[in-house]
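# Chain and residue survey
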Amino acid sequence: MPSSQEHPYSARSLHFWLEALRLCRGLNCIALGILYVAGAHFFEHLPLSSRLSCKAITWVIISAFAYVYNDLTDYTIDQLNRPSRPLPRGTITLRQAYWVASLLGLIALLSIVIFWRADPILPTTALIASYAYSKHVRNISAILANLWTASTTCLVLLSCQRIPPTTISLATDLFLVTVLLAREIQKDRMDRAGDIVRR
């Protein structure tokens, strides 16, 4: 039977990982992985396999890194716009978040090297673009930041399509960018008060 001292540690550990999952926007990341698998099946008729799953997981990890690093750079803004997020609430410290971001970035790089050896350009571009967005692009202009986010997310779908793309795939890509751009503009309007500090 566990001692009374083990329960608080287990509870804190579980709480930390649940908050880390919130920090990574777990459901959003999984959705991008599903988008990759669905795109590979729809455009290239690829069956679900261990390799395809690993490539999808790479996108999940890249997305998680992007969310965590963005929250780190947006810490002061989220105190106003998103006070319920883990960092503003203090349920995860900045130091812990930096460790999580560093670990996710390292795992993403290793995943690209291992599972994307033949075609590493798009996931590598997405990883670099995610860093650049939070570090530099957000500070330039809202329009550029929104276009950057929508285009970077679209790389997930592009990475499972043949070159040159078909008319259907191009139309799908354009539709996805349009939807994502509209979503980013809506988020910008909601976060306008805090973003004035940055821009």
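Scroll up to find the structure this text is about.
As a starting point, this report considers the structure included with it. (Residues numbered from 1 in each chain as written. Predicted model: local features only at pLDDT ≥ 70, side-chain atom pairs only at ≥ 80, totals over all residues. Heavy atoms only, no water.)

## Let's talk about the nonpolar core
Soluble, globular proteins show a tendency: their nonpolar side chains are buried together. If you look at the biggest cluster of nonpolar residues, it comprises 38 residues, and the most contacted ones within it are Tyr36, Trp59, Ile62, Val68, Leu72, Ile92 and Leu104. Breaking this core down by element, the ones donating at least two residues are helix H1 (6-23), helix H2 (26-44), helix H3 (50-73), helix H6 (94-115), helix H7 (121-135), helix H8 (142-158) and helix H9 (167-190). The element best represented in this core is H3, accounting for 10 residues. Every residue in contact with isoleucine 62, bar those within four places of it in the chain, is listed here: Ala108, Ile112, Pro123, Ala126, Leu127 and Ser130. (Core = buried A, V, L, I, M, F, W, Y, C linked by side-chain atoms within 4.5 Å. Buried < 20%, exposed > 50% of the residue type's maximum accessible area, 1.4 Å probe, protein only. Helix = DSSP H or I, 4+ residues; strand = E, 2+ residues; numbered from the N terminus. Contact = heavy atoms within 4.5 Å.)

## Quick notes on the packing of aromatic side chains
Taken as a whole and judged by the stated rule, the model has six aromatic pairs. Arranged with centres 5.1 Å apart and planes meeting at 75 degrees, the rings of phenylalanine 16 and tryptophan 17 form a pair that is edge-to-face. Seen in terms of ring centroids, phenylalanine 65 and tyrosine 69 are 5.9 Å apart; in terms of plane orientation they differ by 10 degrees. Their pairing is stacked. Pair noted here: phenylalanine 65 and tyrosine 69 are both in helix H3, with a separation of four residues, about one helical turn. (Phe/Tyr/Trp six-rings, centres within 6.5 Å; stacked < 30°, edge-to-face > 60°.)

## Looking at a nonpolar patch on the surface
Taken together, the side chains of Leu106, Leu110, Val113 and Ile114 present a nonpolar region at the surface, about 370 Å² in accessible area. Along the polypeptide, valine 113 turns up in helix H6. Exposure remark for valine 113: the relative accessible area of 55% places this residue in the exposed category. (Patch = residues over 30% accessible without salt bridge, like charges linked within 9 Å, V, L, I, M, F, W, Y side chains within 5 Å. Areas by Shrake-Rupley, 256 points an atom, 1.4 Å probe, with all protein chains shown as cover. Salt bridge = Lys/Arg side-chain N within 4 Å of Asp/Glu carboxyl O.)

## As for unusual backbone geometry
Located in the positive-phi region is arginine 25, a residue other than glycine, with phi close to 55 degrees. Looking at the secondary structure, you find arginine 25 in the loop between H1 and H2. With phi around 55 degrees, histidine 45 is a residue other than glycine that occupies positive phi space. When its relative accessible area of 63% is taken as the criterion, histidine 45 is described as exposed.

## Overview of the side chain of serine 159
By the secondary structure assignment, serine 159 is in the loop between H8 and H9. A relative accessible area of 10% places serine 159 in the buried class. At a separation of 3.2 Å, a polar atom in the side chain of serine 159 contacts the side chain of tryptophan 59. Apart from the residues lying within four places of it in its own chain, the contact partners of serine 159 are Tyr36, Trp59, Trp116 and Leu122. (Polar contact = N/O pair within 3.5 Å; in protein donor to acceptor, adjacent residues only side chain to side chain.)

## Comments concerning the packing of H3 against H7
Viewed as axis vectors pointing N to C, H3 and H7 meet at an angle of 10 degrees, and their least axial separation amounts to 9 Å. Classed by the angle they form, the pair H3 and H7 counts as roughly parallel. Only Leu122, Pro123, Ala126, Leu127, Ser130, Tyr131, Tyr133, Ser134 and Lys135 of H7 make contact with H3, whose side of the interface consists of Trp59, Ile62, Phe65, Ala66, Tyr69, Asn70 and Thr73. Residues belonging to the contact of H3 with H7 are distributed by class as follows: 11 nonpolar, four polar and one charged. (Axes fitted to C-alpha atoms, helices over the stretch in contact; angles between N-to-C directions. Parallel < 35°, antiparallel > 145°, perpendicular 65-115°, else oblique. Nonpolar A, V, L, I, M, F, W, Y, C, P; charged D, E, K, R; others polar.)

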